[in-house]
Amino acid sequence: MNNNKYYASIKTFLILSVAIGLLIHIGVFLSLYFSDEFLIQHGNDWRRPPIHLEKMLFNLLLVIILAFVVYLYDFQIYTRLNLKKGWKIFLEVTGSLMITLLMTAIMLVLYVVFIDKNDVRPTHFYVMMVRNDFLRNIIVTLMVILSSHLMLSDYNRKKMEIDNEILVSENLRSRYEVLKNQLNPHFIFNSLNTLQSLVRLDTDKASVFIKELSEVLRYTLRNEDSVTLSQEIDFCKSYCNLLQIRFGESIKINYNNIDGDVLQYMILPLSVQILIENAVKHNVISDKTPLTIDVTADKDESVVTVSNKIQPKKGMEPGNGIGLANLSERQRLKCGRDIDIKKIDGRFEVKVALFKPEMI
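The structure displayed is predicted, hence computed values, not measured ones.

Undergrad: Hey, could you go over the environment of K205 for me, with residue numbers and the actual values?
TA: Within the secondary structure, K205 is located in helix α5 (residues 203-220). Separated by 40 residues in the primary sequence, K205 and I245 place their C-alpha atoms 6.3 Å from one another. Here K205 is in contact with L198 and I245, once residues within four sequence places are set aside.

Written as structure tokens, this is what we have:
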């Protein structure tokens, strides 16, 4: 399908044709009444030429028809013919001039038949009439060609903007999918490491862990760009059951100020879970040094904050940062802002964005 096919509608052509016809005849009317060049001598006096409403309306109709026909011709040239732009312009100009000549001749015949009828006029009157009508029609044709090109250029510009927006959107979507596909293996890898430790320590707990893990994996494999905060918190509670199997009472997670309308706000899936997982990975967790993770929501700022006391593991090598980097990139693609990471008074906190449902 040709990309230029719908750069304008038939209704648009008709409206423009009427506008051009009115503009031309308003110009003629003003010239007759306000320019001294058109004064005619009547005896000893100079007078304005008479205005014949019937003739003017007749000419207006014919000009509208001419403009409409040329619009349709241009439309066919730019939508039906698969030619180079230079050839299209050549066919447009030559074809429009031929249409103008033909329509001028038809106008003269119609004028004689319907307006002059049996009146006898000298030959030079019709010669002058053809010349004047042809010049007027040439102006009409040029106005049509110019406006057609303006519409076509505007259409192509808007289409290019839309195509660019689609390309950007598809690129963002593709990058987002890559990040999601990267995240699931990352979660599974960490879970299997935990399972490996449990198998050596307690096979019964390992069996329970496998069952809980299967439920958690169902959530991680959901193909959604966003979930409600309520869904994410429910998932985190299930995920924390896995942590309780491994660490017992040495780990505690508090959910503060998470109730009411804020639960219906949207959030990136696995965002809170990643932050809890990150805290578990980088901090000491033992009976002597339990880890408490606080999860809070702020409706006014539209953020969820996950924070914990910094209890660094001794001799632990720095991680590759895939979890936080992934989350930050996903949020940037979704809403154009990074996650907020801070270390304040011996605590590590990360803020992730919430979205109102209508923003999704």
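Undergrad: Mind laying out the pairing of strand β6 (residues 291-298), listing which residues take part and the relevant values?
TA: With six bridges connecting them, strand β4 (residues 251-256) and β6 associate as parallel partners. Considered in β6, the bridge of Y255 is made with V295. Summarising the sheet, β6 and strand β7 (residues 303-309) pair through six bridges and their orientation is antiparallel. Paired with V295 across the strands is V306, a residue of β7. Remark: four residues form the turn of the hairpin made by β6 and β7, two consecutive strands paired antiparallel; S302 in that turn has positive phi of roughly 55 degrees.

Undergrad: Go over the pattern of salt bridges, please, and point to the residues and values.
TA: All told, the structure shown has 10 salt bridges when counted by the stated rule. The salt bridge partner of R332 is D338, with a shortest N-O separation of 2.0 Å. Here D340 and K342 are joined by a salt bridge, their closest N and O atoms 3.8 Å apart. Note on D340: relative accessible area 30%, which makes it partly exposed. K342 sits in the partly exposed class, given a relative accessible area of 34%.

Conventions we followed
Residues numbered from 1 in each chain as written. Predicted model: local features only at pLDDT ≥ 70, side-chain atom pairs only at ≥ 80, totals over all residues. Heavy atoms only, no water. Helix = DSSP H or I, 4+ residues; strand = E, 2+ residues; numbered from the N terminus. Contact = heavy atoms within 4.5 Å. Pairing = 2+ DSSP bridges. Salt bridge = Lys/Arg side-chain N within 4 Å of Asp/Glu carboxyl O. Buried < 20%, exposed > 50% of the residue type's maximum accessible area, 1.4 Å probe, protein only.

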